[in-house]
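Examination of the molecular architecture
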Amino acid sequence: MEALGMIELNSISQGILTADAVLKAANVGIMRAQPVCPGKYIVIVSGGVADVKAAIAAGAEAAAEFLIDSILIPRVHEDVLRAMNGCVDLTGVEALGVIETFSLAQALLSADAAAKSADVSLMEIRLGTDGRGVA
């Protein structure tokens, strides 16, 4: 996967319309499009950098006043997808760090930055049902 993009909205119905706009805008695949708590919806897409950039731009426009946040992560770290899906099995953990964000999009961005900047392994990225992100 070259790039990952995410749009976070404060409307479920507008989130569904936004996911449709994202798919129509560029050649991307939807990784997740779902409500994450009452009234909050996320759309996560992957693909080539230019396609994800175009899709996120179209999605942000479609989201209009319901947009909370949007991100593009070019050259996303390989641990991000595994940690998002809870597919990490670590042994011999010596230390643990936690990043908590209000924006779910920023949780992904923070996890990617952490994985790229230090010799660490991502254990889990929770795009929580309470509307917060934890990496």
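For the structure given in this document, a descriptive report is provided here. (Residues numbered from 1 in each chain as written. Predicted model: local features only at pLDDT ≥ 70, side-chain atom pairs only at ≥ 80, totals over all residues. Heavy atoms only, no water.)

**Here's the deal with the overall build of the protein**
Here is the rule we go by: Helical segments are the DSSP runs of H or I of at least four residues, strand segments are the runs of E of at least two, and each set is numbered from the N terminus. Radius of gyration: over C-alpha atoms. The globule rule applied is 2.2 Å multiplied by the number of residues raised to the 0.38 power. The buried label goes to any residue with under 20% of its type's maximum accessible area, the exposed label to any with over 50%, and the partly exposed label to all in between, with areas taken from a 1.4 Å probe on protein chains only. When checking whether two residues touch, look at their non-hydrogen atoms; a contact exists if any pair is within 4.5 Å. Here the accessible surface of atoms and residues is derived via Shrake-Rupley with a 1.4 Å probe, and residues count as covered only by protein chains that are part of the display. A positive count includes Lys and Arg, and a negative count includes Asp and Glu. His and the chain ends are not counted in either. By convention, charge coordinates are those of NZ in Lys, CZ in Arg, CG in Asp, or CD in Glu.
Summing up its helical and strand segments, the protein has four helices and seven strands in all. For 135 residues, the compact-globule estimate of 2.2 N^0.38 gives 14 Å, and the protein sits close to it at 14 Å. Structurally, the protein occupies a C-alpha span of about 45 × 30 × 20 Å along its principal axes. For the protein, buried positions account for 41% of its 135 residues. Across the protein, every contact between residues at least 6 apart in sequence was considered, and the portion connecting residues at least 24 apart equals 76%. Entry remark: accessible area of the protein is about 7000 Å², with carbon and sulfur atoms responsible for 52%. Taking the average place of the 9 positive charges on the side chains of the protein and the average place of its 16 negative ones, the gap between the two points comes to 2 Å.

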